[in-house]
Amino acid sequence: MNATRPKPERADVRLQLTLQKAVNSPGLPGKAELHRWLAAALAQSAATTVRFVGLAEGCRLNRAFRDRDYATNVLSFGYGEPARGETICGDIVLCAPVLRREARAQGKTLAAHIAHLAVHGALHLQGHDHESPRAAARMEALEKRILAKLGFEDPYAGDA
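Residues numbered from 1 in each chain as written. Predicted model: local features only at pLDDT ≥ 70, side-chain atom pairs only at ≥ 80, totals over all residues. Heavy atoms only, no water.

*Asks:* Is there a simple way to explain the state of the cysteines in this structure?
*Replies:* Taken as a whole and judged by the stated rule, the model has zero disulfides. Considering cysteine sulfurs only, Cys 95 is the nearest to Cys 59, which forms no disulfide, with 9.0 Å between them. Residue class for Cys 59 comes out buried when judged on its relative accessible area of 14%. By relative accessible area, Cys 95 is classed as buried at 1%. (Disulfide = S-S within 2.5 Å. Buried < 20%, exposed > 50% of the residue type's maximum accessible area, 1.4 Å probe, protein only.)

Written out as structure tokens, the structure reads:
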């Protein structure tokens, strides 16, 4: 994200959210929860689709767009680079079986892990990345701050 871009007032930030569940997986959050989590991560208005997928679709998308032959936890697809004040448009794809496996392995609730990766995806849509150690540290600090405001623990606690 461009550091010189002023942040709008929170009341000016709007989120148009579409939720798709392409996989039958109990315990996934509903639209209201996702809306709350994503809205907390936005510095400008957005029109976003969140799609929960299974392993086959997750693998297919990761292969097609990242040239990696496995299903990953989250993929973000931004559409264009909006000017200041314009609406961010993009998709966040969450692979339910991967999220479930990771949450269990990390001793986290599924909701906490999905909230983290939804926020992570929303930050990517706004131009944040973790390609360098400095960018990764900035993005992790933002994630921690946003998740704390939402009532979730540090998602990186326990990482070595």
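*Asks:* Sorry, what's going on with the pattern of salt bridges here?
*Replies:* Opposite charge on two side chains lets them pair, provided their charged atoms get close. Applying the stated criterion to the full structure yields three salt bridges. A salt bridge links Arg 63 to Asp 69; the nearest nitrogen and oxygen atoms lie 2.6 Å apart. The exposure class assigned to Arg 63 is partly exposed, which follows from its relative accessible area of 41%. (Salt bridge = Lys/Arg side-chain N within 4 Å of Asp/Glu carboxyl O.)

Note that every value here comes from positions in space, so none of it alone points to a role or purpose.
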